[in-house]
Amino acid sequence: MPKIPLCDLPVLPQNHLPLHLQLQKTRVFCNNDAPTNTEDITYSGAYAALGVDNSLKLDEFRKNFKVKVIKLNEEDMEFDLIGIDASIANAFRRILISELPTMAIEKVLVANSSSVVQDEVLAHRLGLIPIKVDPRLFDYMSENDVPNEKNSIVFSLNIKCDRKTGERLTVYSHDLKWLPFGSEYVLPTENSSDPSSKPKTYTSFTSSQDSLPEFSNNPITVTPGIIISKLGPGQEIELEAHAVKGVGKTHAKWSPVATAWYRMLPEVVLLQDIEDEDAQKLVNKCPVNVFDIEDMGKGVKRATVARPRACTVCRECIREPGWNEKVALRRVKDHFIFTIESTGALPPEVLFTEAVKILEDKCESVITELS
């Protein structure tokens, strides 16, 4: 192989990588057999031989980092996190799932249950019903704390299927009734000698929760329409359910999200013009309609990438021999499409804001320990 004189080598801009190295650093190549270049190149001296500093610069991070909201409603949110590492995106995901607090039913006092659902299964189903209340308004309850209006929410469920109808009765989550004064069940203690004294219940509310300004115009409810059980003629359920504050890493019932997930932004590149029959063939290959056909005039039809964001990188378009030379599938390493589906306790945008605060507190704790 003949040697190329140094004077004939292309002159690269200072502090810039060649195109092929830049692609290896910023893209995952989704080949027909397996993805390549999946690792993150974070070593500061990785490109020292080329005179390029690969160290993380705070000013550059601030310039490149962006959050773009794509879709937002009461239940879910889709947004783009641009300019961050996968570890940061995964930290947000883990915090959303396991470290954001919510209120969930923890204790169930069953007075009567003649349904076919066992008490343990019934309590488990009640615990998974999302409670629509801001958990930031409540305190955590430890083992030594007494249930009160600041750390507990009490619901009652009293429903019976009439024998006369002869039909089954479905018990739904919206049949749970909020008890703002706390528990109505009396503790099984000895009778007090003072007949005028108020019987002691399972909670010690000093005031009604509906008298508090936070709940006076916004009563505590649960997500409606969730089936709890089905009762036959003559069967009934009578119970109290006590909800407390917790986090998802203790039990999944306290997780505020139905799911929180992310994927790297797909990038679809046509390496050459694909026209006429090949263009139509390419459009037919894709199951999510990423490609479209553009009329170029004079009877020429050319394939275009119309919806690259919809690409799932299933690789159907490059599965046949020769198509990997026409189409390139990649993923952008520092661009994440993030989706949050809330259970209903808090809006998804509030959940993400709270996750950012928790991550910030963790970083401050590390800095404090190191200083």
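This is a predicted model, so every value here is computed, not measured. (Residues numbered from 1 in each chain as written. Predicted model: local features only at pLDDT ≥ 70, side-chain atom pairs only at ≥ 80, totals over all residues. Heavy atoms only, no water.)

Some details on the pattern of salt bridges
Here is step 1 of the chain: Counted by the stated rule, this structure contains 17 salt bridges.
Here is step 2 of the chain: A salt bridge links Arg-319 to Glu-316; its shortest N-O distance comes to 3.3 Å.
Here is step 3 of the chain: The class of Glu-316 is partly exposed, set by a relative accessible area of 35%.
Here is step 4 of the chain: Connected via shared salt-bridge partners are Asp-134, Arg-136, Glu-354 and Lys-357. (Salt bridge = Lys/Arg side-chain N within 4 Å of Asp/Glu carboxyl O. Buried < 20%, exposed > 50% of the residue type's maximum accessible area, 1.4 Å probe, protein only.)

Focus: empty space enclosed by the protein
Here is step 1 of the chain: For the coordinates displayed, the defined rule picks out one cavity of 30 Å³ or more.
Here is step 2 of the chain: Computed from the structure, the largest cavity encloses a volume of approximately 70 Å³.
Here is step 3 of the chain: If you trace the largest cavity, you find 15 residues lining it, with Cys-286, Phe-291, Cys-311, Cys-314 and Cys-317 closest to the centre.
Here is step 4 of the chain: In the lining of the largest cavity, the residues fall into eleven nonpolar, one polar and three charged. (1 Å grid on protein atoms, 1.4 Å probe; cavity = no way out; pocket = protein on both sides within 12 Å on 5 of 7 lines; lining within 4 Å. Points joined across faces, edges and corners; volume = space filled by probe spheres on them. Nonpolar A, V, L, I, M, F, W, Y, C, P; charged D, E, K, R; others polar.)

Points about the environment of Lys-281
Here is step 1 of the chain: Mapped onto the fold, Lys-281 is located in helix H6 (residues 276–285).
Here is step 2 of the chain: Each C-alpha atom of the pair Lys-281 and Ala-303 lies 9.5 Å from the other, and the pair is 22 residues apart in sequence. (Helix = DSSP H or I, 4+ residues; strand = E, 2+ residues; numbered from the N terminus.)

Re the side chain of Ser-255
Here is step 1 of the chain: You can see Ser-255 is positioned in the loop between strand E12 (236–246) and strand E13 (257–270).
Here is step 2 of the chain: On the basis of relative accessibility, which here comes to 11%, the residue Ser-255 falls in the buried class.
Here is step 3 of the chain: Contacts of Ser-255, omitting those with residues within four sequence positions, involve Leu-96, Ile-97, Thr-102, Gly-248 and Thr-343. (Contact = heavy atoms within 4.5 Å.)

Digging into the pairing of E12
Here is step 1 of the chain: With ten of eleven residues buried, E12 is to be regarded as a mostly interior element.
Here is step 2 of the chain: Bridge analysis of strand E5 (residues 102–113) against E12 gives ten bridges, and the strand direction is antiparallel. Bridge pairing links Val-110 to Leu-239 in E12.
Here is step 3 of the chain: The pairing of strand E7 (residues 153–160) with E12 spans eight bridges and is antiparallel. In the sheet register, Val-154 faces E12, and the bridge partner there is His-242. (Pairing = 2+ DSSP bridges.)

Points about unusual backbone geometry
Here is step 1 of the chain: Non-glycine residue Asp-276 carries a positive phi angle of around 55°.
Here is step 2 of the chain: As for its position among the elements, Asp-276 is in helix H6.
Here is step 3 of the chain: By relative accessible area, Asp-276 is classed as partly exposed at 41%.
Here is step 4 of the chain: Non-glycine residue Val-313 carries a positive phi angle of around 55°.
Here is step 5 of the chain: Its location among the elements puts Val-313 in the loop between strand E15 (300–305) and strand E16 (327–342).

Considering the domain arrangement of the protein chain
Here is step 1 of the chain: Along its sequence, the protein chain is organised into domain 1 (20–100 + 256–366) and domain 2 (101–254).
Here is step 2 of the chain: Here the C-alpha centre of domain 2 lies 44 Å away from the C-alpha centre of domain 1.
Here is step 3 of the chain: Listed by partner, the interface residues are eleven residues for domain 1 and 15 residues for domain 2.
Here is step 4 of the chain: Per-residue buried area on domain 1 facing domain 2 is highest for Leu-100, Ala-345 and Leu-346; these three make up 42% of the total on that side.
Here is step 5 of the chain: Inspection of the region where domain 1 meets domain 2 yields one salt bridge.
Here is step 6 of the chain: In this structure, Glu-354 engages Arg-136 in a salt bridge whose closest nitrogen and oxygen atoms are separated by 3.1 Å.
Here is step 7 of the chain: One can count three residue pairs in polar contact (both at pLDDT 80 or more) joining domain 1 with domain 2.
Here is step 8 of the chain: Of all elements in the fold, only helix H3 (86–98) and helix H7 (348–370) reach the threshold of two or more residues within the side of domain 1 that touches domain 2.
Here is step 9 of the chain: Among the residues making up the side of domain 1 that touches domain 2, the classes are represented as six nonpolar, three polar and two charged. (Domains from an automatic or database assignment. Buried area = accessible area lost by both parts, 1.4 Å probe. Polar contact = N/O pair within 3.5 Å; in protein donor to acceptor, adjacent residues only side chain to side chain.)

Regarding the side chain of His-335
Here is step 1 of the chain: Residue placement: His-335 occurs in strand E16.
Here is step 2 of the chain: For His-335, the side chain forms a polar contact with the side chain of Asp-80, separated by 3.0 Å.
Here is step 3 of the chain: When near neighbours in sequence (up to four residues on either side) are disregarded, His-335 contacts Asp-80, Leu-81, Ile-82, Arg-263, Met-264 and Leu-265.

Re a nonpolar patch on the surface
Here is step 1 of the chain: Together, Leu-56, Leu-58, Phe-61, Phe-65 and Val-67 make up a nonpolar patch on the protein surface, roughly 480 Å² of accessible area in all.
Here is step 2 of the chain: Checked against the element boundaries, Phe-65 lands in the loop between helix H2 (58–64) and strand E3 (66–72). (Patch = residues over 30% accessible without salt bridge, like charges linked within 9 Å, V, L, I, M, F, W, Y side chains within 5 Å. Areas by Shrake-Rupley, 256 points an atom, 1.4 Å probe, with all protein chains shown as cover.)

Considerations on the pairing of strand E14 (residues 291–297)
Here is step 1 of the chain: As defined by bridge partners, E14 adjoins E15 across six bridges and the pair is classed as antiparallel. Bridge pairing in E15 links Asp-295 to Lys-301.
Here is step 2 of the chain: Where E14 folds back on E15, the antiparallel hairpin that results is connected by two residues, among which Lys-298 adopts a positive phi of roughly 60°.

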